[in-house]
Amino acid sequence: MRTLCASTLIGEFFVIGFAGLVAMKDDSLAMSTVWTVCVIAMVLSVLLCGMITRPGGVQLGWALQIALIASGFFVPSMFFLGAVFAVLWWASVHYGRRIDAIKASWAAHQGSAGPDAA
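About the thresholds
Residues numbered from 1 in each chain as written. Predicted model: local features only at pLDDT ≥ 70, side-chain atom pairs only at ≥ 80, totals over all residues. Heavy atoms only, no water. 1 Å grid on protein atoms, 1.4 Å probe; cavity = no way out; pocket = protein on both sides within 12 Å on 5 of 7 lines; lining within 4 Å. Points joined across faces, edges and corners; volume = space filled by probe spheres on them. Helix = DSSP H or I, 4+ residues; strand = E, 2+ residues; numbered from the N terminus. Nonpolar A, V, L, I, M, F, W, Y, C, P; charged D, E, K, R; others polar. Axes fitted to C-alpha atoms, helices over the stretch in contact; angles between N-to-C directions. Parallel < 35°, antiparallel > 145°, perpendicular 65-115°, else oblique. Left-handed = near helix turned anticlockwise from the far one by under 90°. Contact = heavy atoms within 4.5 Å.

Student: Help me understand the layout of surface pockets, please; the structure alone is not making it clear to me.
Tutor: Using a probe with the size of a water molecule, rolled over the atoms, empty space left in the structure can be pinpointed. By volume, the largest pocket is sized at about 460 Å³. What lines the largest pocket is a set of 21 residues, among which V37, C38, A67, S71 and F74 lie closest to the centre. Within the residue set of the lining of the largest pocket, elements represented by two or more residues are α1 (2-23), α2 (31-51) and α3 (57-70). Of all the elements, α2 adds the most residues to the lining of the largest pocket, at seven residues. Among the residues making up the lining of the largest pocket, the classes are represented as 18 nonpolar, three polar and no charged.

Student: Help me understand the packing of α2 against α3 in this model?
Tutor: To describe two helices that pack against each other, one gives the angle between their axes and the distance between the axes. Their axes nearest at 10 Å, the elements α2 and α3 cross at an angle of 155°. The angle between α2 and α3 places the two elements in the roughly antiparallel class. Pair α2 / α3 crosses with left-handed handedness. Residue-level inspection shows A41, L44, S45, L48 and M51 of α2 in contact with α3, the latter providing G57, L60, G61 and L64. Looking at the contact of α2 with α3, its residues break down into six nonpolar, three polar and no charged.

Just geometry here; none of it tells us what the structure is for.
See the structure below:
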């Protein structure tokens, strides 16, 4: 699960940065505010890569997904991109857990077979 989720979060890191560049063109938004919010979100996405397997890591990831979708109020294309990344996040968590369970089952099967089983 960690690898899939981290890949999604790194992709979001770049999308957030590019969204900041687009938001800079809006005269109603202060550039310092745009970059403060973007840098905080980008740092959070990188930190979450290491926190995925800790308690609350997945929930923080969902909070980031909601914030990414909500950023569409400032950069309209982020409604679509945020939704795409929310689906990717769901898939990363869902299939990542399935892969982890299969790996654990395989490791248990190999461990119970003993060293002479091959």
